[in-house]
Structures are given as structure tokens and as C-alpha cells.
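Here is how the chains run, residue by residue.
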Amino acid sequence: MDRFITLKIIDVLMKRLNIDLGERSYDILIGRNILPQVGEFISKRFEPSRSIIITHPSVRNLFGEKLEPGLVNAGYSPGIIEIPEGEISKSLQQAELVYDRMLEMNCDRKSTLIALGGGVVGDLTGFIAATYQRGIPFIQIPTTLLSQVDSSVGGKTAVNHPRGKNMIGAFHQPKLVVVDLDTLQTLPKNEFKAGLAEVIKYGIIADEKLFTFLENNTKEILSLNRDCLQYIIETSCAIKAKVVEKDERENRHRMILNFGHTFGHSIETLTNYTEYLHGEALAIGMIQAAWLSVETGECSEDVPIRITNLLKKFNLPVHSPNLKSEDVISSMYHDKKTTHNKLRFILVKNIGSVEIVDDVPELAVKAALNKNH
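Attention in this report is confined to the structure presented alongside it. (Residues numbered from 1 in each chain as written. Predicted model: local features only at pLDDT ≥ 70, side-chain atom pairs only at ≥ 80, totals over all residues. Heavy atoms only, no water.)

**Some remarks on the overall build of the protein chain**
Part 1 of the reasoning: Within the protein chain, the regular secondary structure consists of 14 helices and twelve strands.
Part 2 of the reasoning: Relative to the 2.2 N^0.38 estimate, which gives 21 Å for 373 residues, the radius of gyration of the protein chain is 20 Å and therefore close to what a compact globule would have.
Part 3 of the reasoning: Each principal axis of the C-alpha distribution contributes one length, and for the protein chain these read about 60 × 40 × 35 Å.
Part 4 of the reasoning: A total of 373 residues make up the protein chain; the buried ones form 60% of that total.
Part 5 of the reasoning: Accessible area for the protein chain stands at about 15,500 Å²; split by element, carbon and sulfur atoms hold 48% of it.
Part 6 of the reasoning: Once the 43 positive and 46 negative side-chain charges of the protein chain are each reduced to a mean point, those two points are 2 Å apart. (Helix = DSSP H or I, 4+ residues; strand = E, 2+ residues; numbered from the N terminus. Rg over C-alpha atoms; globule rule 2.2 N^0.38 Å. Buried < 20%, exposed > 50% of the residue type's maximum accessible area, 1.4 Å probe, protein only. Areas by Shrake-Rupley, 256 points an atom, 1.4 Å probe, with all protein chains shown as cover. Lys, Arg positive; Asp, Glu negative; His and termini not counted. Charge placed at Lys NZ, Arg CZ, Asp CG, Glu CD.)

As C-alpha cells, then:
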């Protein structure tokens, strides 16, 4: 059954996907040139006392003129808080600076934050929304492929700690997610390709048809063919929505969304979040997780080889950086999926099917790391 509803709004075709979480339910709107209608979308769903846009200066320069007039016309003259670029902004120190600005603006419990940007902006804004006055509404307007298919959906919010990525956070669902496909036209190519790693992940964990589509349409996707973009983004969001509806707070099933992330997060942590984009680290992590799946008897060697070949077609990194396996494993024990000091991994059985495996031996992890050098 197609979970999307096609809407006609001001001569713009738009798809709406609803995430059914009871009183926390919300829509994901996907279309082209829909930033000017965000004020209208908000007014139809709830009544904020005021709106505050949190963004990077460069992102505001690109999209502010499309977003802000529509908010003003809808009666929500937005305040603006700009934060520095980069993963370094996902910190308690940066969150405190934003709290200060919000207090200066007299934000109350009905004030609504609008995250305009990629995963860093979305994660930080969501964390602030979850904690300011014990929780206020926020909206996600993701402008990178990575954030459109992953971090903007599902309500995970967090900031980093020097000893681990996303270690301080909360579950706090947005009121609305608005995905304007046109924002991808200005996205740097390395960031676009990094986002494709998350799309590939969805194919691995739940949809071989999507994975095959990626294999067969590499050139069109890299050239930003809008029909291809719409298909891979809609499909990815629908997969994540289904998983989140089944397990909103990651008690068990939702962990499958973290395929490759335990390895990837270790790479990011041990390289101080400066050498790899998240999707690039994830690309390497998915190969390592696939080789771990071979080591534990979950799949044949054909699976990591097929994954590696697709990542290469999208010019994503496939080889591990020069890190000691002991350091990588030590970092993994700080991962949120590790419980009772036992390593837990999402392992692949076939393309389109994974399972959660508890207490994976360190020797198998070391063997997988060695196969990826």
C-alpha cells in the first residue's frame, strides 16, 4: 500500500507522509519549491506564539528569502539565530548560547523553533526544543540529503560529547518535516554523496528493490535527476516512518536503523569529527558491519562485496582509516547500543534483511576490521 498522499498546493505537486504516533503524529511533506508555503503549512496544524529560525549563515543566504516572507505573511515574523558551521556546533556550549538568545527574545512554551539546515542544525535545534522550558514545538526543514532521509525524521535529538557522538539527547518529535527537493541543487557534491550512504543503508536493511534501483541509476542520481531524487527520498522516509511507528524510543526494533553506525561513530570519534562527513564514516562502517556479518556466519562474502561496489560507484570511501583495532573497539563500548558491557551489532543476512545480534565477540570485530584495510 502506498503510504503517500499526493496533494495539489499552489500548482506544486507535493507528497504527504504521516507518521502515526498518536498525539505525537506529524506529517512529512515532500515536494519542489515548497519553502514559501511553510507559514501556511504551520497555520493549518498548530498556533505558535512566535517562530525562531535556527540555521547557519550560509544556509540562510541560500534559502532565507524563500522561507521568511511566507512566515511573515502567515503572521509569524521569525527571529533568527545563526550558529557556526560544522559538527562542533552540536555541543552543550552552543546549546547554552542559543538558550541565552531565546531568553533575550522572551520565548515561551508555545514558541516554535524552525531548524533550517542539515543534521547538525536539526539535531541541535531538536535538543534545544526538547529541553527549553521542558519542551517546546519545533519544525524540521532539512536542506541536505542526509538530513532529509534520516536525521529530520523520528524525533532523535542530541549533542555530542568528546567521548562519544550523540551521547546527550532526548526523544522529541517535530511538529512537521518539510523536505524541499530544490535545496539539493545547491548542496556540495561531497555532502550529497555522503547522504546517499544513508539511502543505501535503507536498501540494505529493508528494501532490496531500492538497493537495486541505486545500482541501476547511479549516473542519474549523481546528476540530481529530480524523479530519481523523489523516489529515493520518499522510499527512505517511508521505511524510517514504518520503523519509528513500530518502536519510537528504540527499545529494540528501531536499532536496525543503526546498521553500520557503531563502526562509523567510532571512526568519527577517533578522528575528532574532522576527517569524515557522517555519511562517509557510515559508508566505511557499513562495509565493516557486513564483513562482521560474514565473520559471524550471517551472510556470504557476496554481500559486503556488493555493498562495497555500490559505494564505490557513488565515490564514497570504502577503506578504514589507519586506526588501531583496540582503539576502535574501546570506543564502541561507549556506543549507546552497548549494554551490560557487551557489544551489540546490526548484522546483514541478505540485502534487504538484517537482525540485531547481542554479545558479538571482540575477535570477530577485529577480524572484520582487518578485512577492511
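**Examining the packing of helix α11 (residues 278–295) against helix α14 (residues 362–371)**
When two helices pack together, their arrangement is given by the angle between the helix axes and the distance between those axes.
Part 1 of the reasoning: The N-to-C vectors of α11 and α14 enclose an angle of 125°; their axes lie 8 Å apart at closest approach. Considering the angle they form, α11 stands oblique to α14. Along this stretch, α11 crosses α14, giving a crossing that reads as right-handed. Contact residues: α11 offers Gln-288, Trp-291, Leu-292, Val-294 and Glu-295, while α14 offers Ala-364, Val-365, Ala-367, Ala-368, Leu-369 and Lys-371. (Axes fitted to C-alpha atoms, helices over the stretch in contact; angles between N-to-C directions. Parallel < 35°, antiparallel > 145°, perpendicular 65-115°, else oblique. Left-handed = near helix turned anticlockwise from the far one by under 90°. Contact = heavy atoms within 4.5 Å.)

**Quick notes on the packing of aromatic side chains**
Part 1 of the reasoning: Under the definition given, this model contains three aromatic pairs.
Part 2 of the reasoning: Relative to Tyr-231, the ring of Phe-213 has its centre 4.5 Å away and its plane inclined at 50°; by these criteria the two rings are tilted. On the criterion of sequence distance, the pair formed by Phe-213 in helix α7 (residues 208–216) and Tyr-231 in helix α9 (residues 226–246) is long-range, its members being 18 residues apart.
Part 3 of the reasoning: One Lys or Arg, Lys-175, reaches over the ring of Phe-46 and ends 6.0 Å from the middle of that ring.
Part 4 of the reasoning: Lying across the ring of Tyr-202, Lys-201 places its NZ or CZ 4.5 Å from the centre. (Phe/Tyr/Trp six-rings, centres within 6.5 Å; stacked < 30°, edge-to-face > 60°. Lys NZ or Arg CZ within 6 Å of the ring centre and 35° of its normal.)

**What about the pairing of strand β11 (residues 345–350)?**
Part 1 of the reasoning: By the bridge criterion, five bridges tie β11 to strand β12 (residues 353–357) in an arrangement that is antiparallel. When the sheet's bridge partners are listed, Asn-350 is paired in β12 with Ser-353.
Part 2 of the reasoning: What sits between β11 and β12 in their antiparallel hairpin is a turn of two residues, with Gly-352 showing a positive phi close to 105°. (Pairing = 2+ DSSP bridges.)

**Focus: the nonpolar core**
Part 1 of the reasoning: By size, the foremost hydrophobic cluster in this structure holds 81 residues, and its most contacted members are Ile-200, Ile-204, Ile-233 and Val-365.
Part 2 of the reasoning: Top contributing element to this core by residue count: α11, with eleven residues.
Part 3 of the reasoning: Excluding residues within four positions of it along the chain, Val-365 makes contact with Phe-263, Leu-292, Ile-329, Met-332, Leu-343, Phe-345 and Val-360.
Part 4 of the reasoning: Counting 21 residues, the second-largest nonpolar core is a separate cluster that includes Phe-63, Ile-80, Ile-141 and Val-178. (Core = buried A, V, L, I, M, F, W, Y, C linked by side-chain atoms within 4.5 Å.)

**A few points about the environment of Lys-246**
Part 1 of the reasoning: For Lys-246, the position within the fold is in helix α9.
Part 2 of the reasoning: Between the C-alpha atoms of Lys-246 and Thr-131, which are 115 residues apart in sequence, the distance is 25 Å.

**Let's talk about the side chain of Asp-247**
Part 1 of the reasoning: With respect to the element layout, Asp-247 can be found in the loop between α9 and α10 (261–270).
Part 2 of the reasoning: Of the side chains with opposite charge, Arg-254 lies nearest to the buried Asp-247, which makes no salt bridge, at 6.8 Å.
Part 3 of the reasoning: Among the polar contacts made by the side chain of Asp-247, one reaches the main-chain amide nitrogen of Glu-250 at a distance of 3.2 Å.
Part 4 of the reasoning: Within the local environment of Asp-247, its side chain forms a polar contact with the backbone nitrogen of Arg-254, the two atoms lying 2.8 Å apart.
Part 5 of the reasoning: The residues touching Asp-247, leaving out its near neighbours within four places in the chain, are Arg-252, His-253 and Arg-254. (Salt bridge = Lys/Arg side-chain N within 4 Å of Asp/Glu carboxyl O. Polar contact = N/O pair within 3.5 Å; in protein donor to acceptor, adjacent residues only side chain to side chain.)

**Let's talk about the environment of Thr-274**
Part 1 of the reasoning: Positionally, Thr-274 belongs in the loop between α10 and α11.
Part 2 of the reasoning: Residue Thr-274 is classed as exposed on the basis of its relative accessible area, which comes to 63%.
Part 3 of the reasoning: Between the C-alpha atoms of Thr-274 and Pro-317, which are 43 residues apart in sequence, the distance is 15 Å.
Part 4 of the reasoning: A polar contact is formed between the side chain of Thr-274 and the backbone oxygen of Thr-271, at a distance of 2.9 Å.

**Some words on the environment of Glu-208**
Part 1 of the reasoning: Inspection of the secondary structure puts Glu-208 in helix α7.
Part 2 of the reasoning: Between the alpha carbons of Glu-208 and Met-14 there is a distance of 26 Å; along the sequence they are 194 residues apart.
Part 3 of the reasoning: Apart from residues no more than four positions distant in its own chain, Glu-208 is found in contact with Gly-203, Arg-306, Ile-351 and Gly-352.
Part 4 of the reasoning: One polar contact links Glu-208 to Arg-306, side chain to side chain, over a distance of 3.2 Å.

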